[in-house]
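Architecture at a glance
Listed below, chain by chain, are the residues.
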Amino acid sequence: MTVESAFALPKTLTATQLVDICSSSTVSDAAAKGDQLSWQRMSDADFNEWHTGFLAYNGGSVDIVGWQHGQGEHVVSLSFWIAQGPNSHKACNYSLGSDAGLLGGLTEILGAPETVEGMAGNAYWNTGLMEVYYTQVGASTLVNISYKK
């Protein structure tokens, strides 16, 4: 690996950082924590299609903030939102091209998952108000953390 390609690889979050940002009580709080990552803040236009679909599904308002880092197939993204309406909740979605130790880190923080499917392909935790879904397909990993209101 060259020095240039090492710098092109996206920074990833630790499980502790992810849970900290996702447990924010407001979008402003999440924004302040997420901005410390020095990733590019996503614009309203980046969320336009998602926002329109979410409003149609949820029937209430939603405030969202997000960040991304990297390029092409190496993009890492994190979004945080708070939804009002019939399905009021707050949630976080983290997408990256590798596990980056997240499954082990989440297990250290949350304990053993309630369910595990495949060879560490899917894991689920329910800690009362918080639900965590971990999915790895090939080289891609997705973590969704949600809190019921």
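Notes on the structure follow. (Residues numbered from 1 in each chain as written. Predicted model: local features only at pLDDT ≥ 70, side-chain atom pairs only at ≥ 80, totals over all residues. Heavy atoms only, no water.)

Re the overall build of the chain
What counts here: For the purposes of this entry, the term helix denotes a DSSP run of H or I that reaches at least four residues, the term strand denotes a run of E that reaches at least two, and both are numbered from the N terminus. C-alpha atoms define the radius of gyration in this analysis, and the globule rule sets the expected value at 2.2 Å times the number of residues to the power 0.38. When a residue's accessible area, from a 1.4 Å probe over protein chains only, is under 20% of the maximum for its type it is buried; when over 50% it is exposed; and in between it is partly exposed. Between two residues, a contact is recorded if the distance between any of their heavy atoms is within 4.5 Å. Computed with the Shrake-Rupley method and a 1.4 Å probe, the accessible areas treat only the protein chains shown as cover for residues. Only four residue types enter the tally: Lys and Arg on the positive side, Asp and Glu on the negative side; His and the chain ends are excluded. Charge positions are represented by NZ for Lys, CZ for Arg, CG for Asp and CD for Glu.
Each helix and strand counted, the chain has 5 helices and 8 strands in total. When the helices and strands of the chain are placed in sequence order, the string is α-α-α-β-α-β-β-β-α-β-β-β-β. In terms of overall size, the chain behaves like a compact globule, its C-alpha atoms giving a radius of gyration of 16 Å where 149 residues would be expected to give roughly 15 Å. Projected onto its principal axes, the C-alpha coordinates of the chain cover approximately 50 × 35 × 25 Å. Counting only residues that meet the buried cut, the chain has 38% of its 149 residues in that class. Long-range contacts, defined here as pairs at least 24 residues apart, represent 51% of the contacts in the chain between residues at least 6 apart. Working note: accessible area of the chain is about 8,200 Å², and carbon and sulfur atoms make up 54% of it. Computed over 6 positive and 14 negative side-chain charges, the inter-centroid distance for the chain is 9 Å.

Digging into the state of the cysteines
Cysteine pairs can be linked by a disulfide, which is a covalent bond between their two sulfur atoms. As a reminder, the rule being used: Count a disulfide wherever a pair of cysteine sulfur atoms falls within 2.5 Å.
This model, assessed by the stated rule, comprises 1 disulfide. At a sulfur-sulfur separation of 2.3 Å, the disulfide partner of Cys22 is Cys92. Its S-S torsion of about -85 degrees marks the bond between Cys22 and Cys92 as left-handed, since a negative value means left-handed. Of this pair, Cys22 sits in helix α2 (residues 15–22) while Cys92 sits in strand β4 (residues 89–96); the two residues are 70 residues apart in sequence, bridging distant segments of the chain. By relative accessible area, which is 1% here, Cys92 ends up buried.

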